[in-house]
Amino acid sequence: MRSAVMVAIAGVTVIARASSTVAQEVPASPPVVGVLVSNRANLRPEMLKAAEDDAATIYRVAGVQMTWVNVRPTDVGYDYAVDFIVMIVSGKEAGRMAARSDQDAMGFATRDSNDEAGRGGMAFVLFDRVEDSASSHHVSISRVLGQVIAHELGHLVLPGNSHSERGIMRAKWNLRSGLLEYFTTAQAEIIRRRLAPRRGSLP
Ligand SMILES: [Zn+2]
């Protein structure tokens, strides 16, 4: 019972309850973050899963456990309890959204007005640009996608102006190596602090 309640607080109740054995394998108790991924670009599930695995690895190294809830554009009326939403868009829809981002940005993020929250907000991934970047650097699409998801979620979790000279929050990545980039030690500390469950605010 106790673990079910704790999971409910962290979000994504149904999935987390169903996989309590997985939850028990995690040492200590890292903050658990629920992310709803809206697959509006109709990506193959295996590609999306590989990208989510990469993004989860980046956050696991920072001491945070990610839980993904995947929905398709045809899924309507969902009411999952999640902390963040990632919209993966392509084609015309992405073209309209790209007007809001830098010329060659692969994504952007809009957070809730409460800057101190640490949770909440939406990240957008412009999939056509991810694909272009992956092919021009000879890196797998899922590898680039996973890092874009991690980077944009980073903008939602970290304070403003969160670009850094190194790691996953670099404004411009060096994709040539194909290796995952991570948060810096200082960034990871901030992320864990901001995502830690607030004991005083439980219902
Ligand atoms: Zn950025």
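Check the entry above for the structure.
Residues numbered from 1 in each chain as written. Predicted model: local features only at pLDDT ≥ 70, side-chain atom pairs only at ≥ 80, totals over all residues. Heavy atoms only, no water.

Across its full length, the protein carries 8 helices and 5 strands. Split into buried and exposed, the 203 residues of the protein put 46% on the buried side. Long-range contacts, defined as pairs at least 24 residues apart, comprise 71% of the intrachain contacts of the protein with a sequence gap of at least 6. If you sum the accessible surface of the protein, you get close to 11400 Å²; carbon and sulfur atoms cover 52% of it. (Helix = DSSP H or I, 4+ residues; strand = E, 2+ residues; numbered from the N terminus. Buried < 20%, exposed > 50% of the residue type's maximum accessible area, 1.4 Å probe, protein only. Contact = heavy atoms within 4.5 Å. Areas by Shrake-Rupley, 256 points an atom, 1.4 Å probe, with all protein chains shown as cover.)

Moving on, we come to the coordination of the zinc ion. Looking at the zinc ion, the protein donor atoms are H151 (NE2), H155 (NE2) and H163 (NE2), and they sit 2.0 to 2.1 Å from it. When the donors of the zinc ion are listed by position in the chain, the intervening gaps give H-x3-H-x7-H. Of this pair, H151 and H155 are both found in helix α7 (residues 141-157), 4 residues apart, which corresponds to roughly one turn of the helix. (Donors = N, O, S within 2.8 Å, 3.2 Å for Na, K, Ca; no water.)

The next point concerns the nonpolar core. Soluble globular proteins tend to bury their nonpolar side chains together. By size, the foremost hydrophobic cluster in this structure holds 44 residues, and its most contacted members are I88, L145 and L153. For this core, the secondary structure elements donating two or more residues are β1 (32-39), α4 (45-61), β2 (65-71), β3 (84-89), β5 (122-126), α6 (127-137), α7 and α8 (185-195). Broken down by element, the residue count for this core peaks at 8 residues, all from α7. Ranked by size, the runner-up nonpolar core spans 8 residues in total, among them M87, V89, M97 and F108. (Core = buried A, V, L, I, M, F, W, Y, C linked by side-chain atoms within 4.5 Å.)

The next subject is the packing of aromatic side chains. Pairs of aromatic rings are described using the distance from one ring centre to the other and the angle between the two planes. The final tally for this structure, using the stated rule, is 2 aromatic pairs. Centre to centre, the rings of Y59 and F183 are 5.0 Å apart; their planes meet at 65°, and the pair counts as edge-to-face. Here F183 lies in the loop between α7 and α8 and Y59 lies in helix α4, a separation of 124 residues in the sequence. Their ring planes at 15° and their centres at 4.9 Å tell us that F108 and F124 sit as a pair that is stacked. (Phe/Tyr/Trp six-rings, centres within 6.5 Å; stacked < 30°, edge-to-face > 60°.)

A few words on the pairing of β3. Buried residues dominate β3, accounting for 5 of its 6 residues. Examined bridge by bridge, β1 and β3 share 5 bridges and lie parallel to one another. From the neighbouring strand, N39 faces β3, where its bridge partner is I88. Here β3 pairs with β5 via 5 bridges, running parallel. Among the inter-strand pairings, I88 is bridged to a residue of β5, identified as V125. (Pairing = 2+ DSSP bridges.)

This part covers the packing of α6 against α7. It is at 9 Å that the axes of α6 and α7 come closest, and there the two elements cross at 130°. Classed by the angle they form, the pair α6 and α7 counts as oblique. For the element pair α6 and α7, the recorded crossing hand is right-handed. Facing F127, V130, E131 and A134 of α6, the residues of α7 in contact are I141, V144, L145 and V148. Within the contact of α6 with α7, the residues separate by chemical class into 7 nonpolar, no polar and 1 charged. (Axes fitted to C-alpha atoms, helices over the stretch in contact; angles between N-to-C directions. Parallel < 35°, antiparallel > 145°, perpendicular 65-115°, else oblique. Left-handed = near helix turned anticlockwise from the far one by under 90°. Nonpolar A, V, L, I, M, F, W, Y, C, P; charged D, E, K, R; others polar.)

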